[in-house]
Each structure stands twice: as structure tokens, then as C-alpha cells.
Amino acid sequence: AAAAAAGGESGAAASIPPLSRMLNLFDIEHVARQRMHKEAWDYYSSGADDEITLRENHSAFHRVWLRPRILVDVKNVDLSTTMLGHKVAMPVYITATALGRLAHPEGEVVLTRAAAKKGIVQMLPTLASCTLDEMAGARSGEQVQFFQLYVNHDRRVTEKLVRKAESLGCRALFVTVDAPMLGRREKDMRNKFTLDGTDVQKAEDSKGGVDRSQGTARAISQFIDPSLSWKDIQWLQSITRMPIVLKGVQCGEDAVLAVQHGCAGIVCSNHGGRQLDFARSGLEVLAEVTETLKKHGLENKLEVYMDGGVRRGTDVLKALALGARAVGIGRPVLYGMAAYGQAGVERVLDILRDEMEMSMRLLGAPSVHAIEPSMAEARNLRDHFVLSPADVLAETAYEPLRQKSKL
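Residues numbered from 1 in each chain as written. Predicted model: local features only at pLDDT ≥ 70, side-chain atom pairs only at ≥ 80, totals over all residues. Heavy atoms only, no water.

## Thoughts on the pattern of salt bridges
So, point 1. Scanning the entire structure with this criterion turns up 21 salt bridges.
So, point 2. As a salt-bridge pair, Glu346 and Lys117 come within 3.6 Å of each other at their nearest N and O atoms. Here Glu346 is found in helix 17 (residues 342-363), whereas its partner Lys117 is found in helix 6 (residues 109-118), with 229 residues between them in sequence.
So, point 3. Where Arg280 meets Glu288, a salt bridge forms, and the shortest distance between an N and an O atom there is 2.7 Å.
So, point 4. For Glu288, a relative accessible area of 17% translates into the label buried.
So, point 5. Shared partners join several salt bridges into a network, and the residues in it are Arg155, Asp225 and Asp232. (Salt bridge = Lys/Arg side-chain N within 4 Å of Asp/Glu carboxyl O. Helix = DSSP H or I, 4+ residues; strand = E, 2+ residues; numbered from the N terminus. Buried < 20%, exposed > 50% of the residue type's maximum accessible area, 1.4 Å probe, protein only.)

## Remarks on the pairing of strand 10 (residues 303-307)
Regular strands place side chains that alternate from one sheet face to the opposite one.
So, point 1. Within strand 10, five of the five residues are buried, leaving the element largely enclosed by the surrounding structure.
So, point 2. Side-chain alternation along strand 10 places Glu303, Tyr305 and Asp307 on one buried face and Val304 and Met306 on a second face that is also buried.
So, point 3. Where strand 9 (residues 265-268) meets strand 10, four bridges bridge the pair, whose relative direction is parallel. Among the inter-strand pairings, Ile266 is bridged to a residue of strand 10, identified as Val304.
So, point 4. Handedness of the crossover joining strand 9 and strand 10 through helix 14 (residues 282-295) is recorded here as right-handed.
So, point 5. In terms of strand pairing, strand 10 meets strand 11 (residues 326-329) through three bridges, oriented parallel. If you follow Tyr305 over to strand 11, its bridge partner there is Ala326. (Pairing = 2+ DSSP bridges. Right-handed = clockwise from strand over helix to strand, strands pointing away.)

## Remarks on the environment of Val144
So, point 1. Structurally, the position occupied by Val144 is in the loop between helix 7 (132-137) and strand 6 (145-149).
So, point 2. Along the sequence, Val144 and His86 sit 58 residues apart, while their C-alpha atoms lie 7.5 Å from each other.
So, point 3. Setting aside its immediate chain neighbours within four residues, Val144 contacts His86, Ile120, Val121, Gln122 and Arg171. (Contact = heavy atoms within 4.5 Å.)

Okay, here's the thing in C-alpha cells:
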């Protein structure tokens, strides 16, 4: 089933363009759509309800403009930074996404190898196709991996997962807090879930305990505990030495609470537009969070990340200017893996790096630490219905919600 998921239509592999022809992330997305099994594509590409937030995640970047500085020596450009004290080659990390084998028969270990080659962090997902042992076992040398956690109804299951991740060398625990249940993703819900499930649900699935009748998201959402609350953060801190980062913060008030609860970081994220439709973009939340933390004198108390909608190197620079330490990418690396395997993932990362390097030179920033808030004009970010440039590439890659009538 996994091989079929990654194989796409018959003969598609022979007709895809060479990797060298892929000039941007949307090119790769087009090829991935051709190659992927429909069930897999619908799961990866779908958003909640009318997919307004899914599109807004990317559109928000078009409401932020750049203010370049001139006569700055940018002969040498340094993209390196740190994440929770770990040095990385650029301020981009591979965020956690479920069911990697829907994109490629080898699954998440492909992402592990690509992250190692490019010197960036990979976040290992709870609901992966591969086991934790497999993903950690594919690590190279001192490669840094973080672990993304969905908290289970049975806290013993959660504790076992957390201790396992720590014993395997994961350096941080990213707790997903925006998903008490998984949202209505209608493209996905029209399918029955017939492909291979997550590693952590194998036992339950084998006994018929996983509902496969309403698509992939509904099947895997049964693992998640909707009773998760702030009191559980202290419990998590008691069972691990890994620093805890909250993934899915969506307002400034919760960023302040994260500091008060001793968290090492937060991710401004709406789960890729897959949860609450009309939730604001990660970029807009980032701007609010930065402002709120500064207002309370807490800007140096935790690290702030964001994900959602990043498709260009300039998107990364805008996020850095608005206060992000680094940004996560999810769908683009899955599409790279589905289209061209590990080489496709590396191409995605190389494109982003090349775009960032060029844009930093033109912006007048010789290092990521030289990117300042004054370099981004974000006054229209909170205005959701303003004129912005036509987004031709994204519009042609986007598949709208359509149901073919059988009347």
C-alpha cells in the first residue's frame, strides 16, 4: 500500500521532468500531485472546512514588504543560527508531519537523511509511518532531532513515548497543543483510509479499533487526548529532561502563559490550516506574540518559531524580521519526497537556501542575526481583505474543493 501511495499514476515516473528543471517549490508540488496516490494527495494537501486558513497561511506573507538597506558588505552571507542551543546551517527545520510513507515507501527516514546532509533539524512525529527506532537509527553523527508529541488518553502510553524519544537522543519535546481533535478536512474525508497507518496505532488497528471510514485524519485522530490542559505541562516536565516547546500557539496571551509555565519555546502555528478554519496565519500570530512578549518584558525568556505557508526564501526572512528564531516546513519536503525521493527533499532545501542567500544580499543583511524588525513593513498584515499581488504559482498548484456529481 505504501508503495502504491508514492507511485501515482501508471507511467508517471517516466514522464516527470528532471529534477534540475525544478526552480521553485511550486514546481515540485505540481510533480508530486502527478505522482501521488489520490488518497495520499488528499490527506497531505487538504485543509479544514473551506480551506480559508490553508490559503491565508501563504497569502499573509504577501502583505509584508521588505525595506532593504544599501551599501552593506554582503560578499559573505552567513545563514547559520542556533535552535535551543544547537547550531544549524540555516533557520529552517523539517517540522513533524504524519504518515511519511504516503509520500515514499521508506517514509520519514528519507527526511532524516536529507536533514543530515543539509545540517538542519528534523522533528520526529508521533504519528509517523516509521518507528522511533528507525528514524533515530537513520541519524548521522551528531545530527539533531526533536520529537513532536501528541498526548494520548492513556498517560502511560505518552510517558513511554517521551522516555523512548529521550533515550534515543532527541534533544527537545515539541508538544502539539492546537489539536484536541483533528479538523474536518473534506478532501480527505471523502476517502476511506486504506493505506498503511501509523506505527503507534498498529496494535489498535489490527483489532479493528481504528475508524477508517472517514479518511486518514479521522483515523489517526483517535490517538489524541482532548483533555490536554496547562496542568499537563508540569507533568511532562516531571518525566523528561528535554526542553519543552508548545507547538500551536495562536495568540499573545498563551505565549505569556508558556513563559510562566517554564516552556523553552513556542511555535506560532495553526497546524497547516488543517484545524480551525479562519484561525489566523502563523505569521500574523508571530507578529502579535513578539509584540506581547516585549510588552511584558519576556522576549528573551523563550525561543519563538513559526510554521505554515512558507514557500520562498523571502518568506523565511520576513518571519525572522518579525521575531522568529527559525521556521518549519512540512508539505514542501513531503512533496519533494513524493516527487523525487531524498534528492527531491534536498532540492527543496537547496532552493530555499539559494533564495535566502540572494535575498539577504539584496536586503543588506550579511547574517540572519542582522535581519532586524525595521527591515519588514507589516502594517497590513492584520488586514485580511486588502489588495495584494496576484499569486499565480500558488493558485495553479492549489486544488480547490470539488465533488464530482454522480447524478
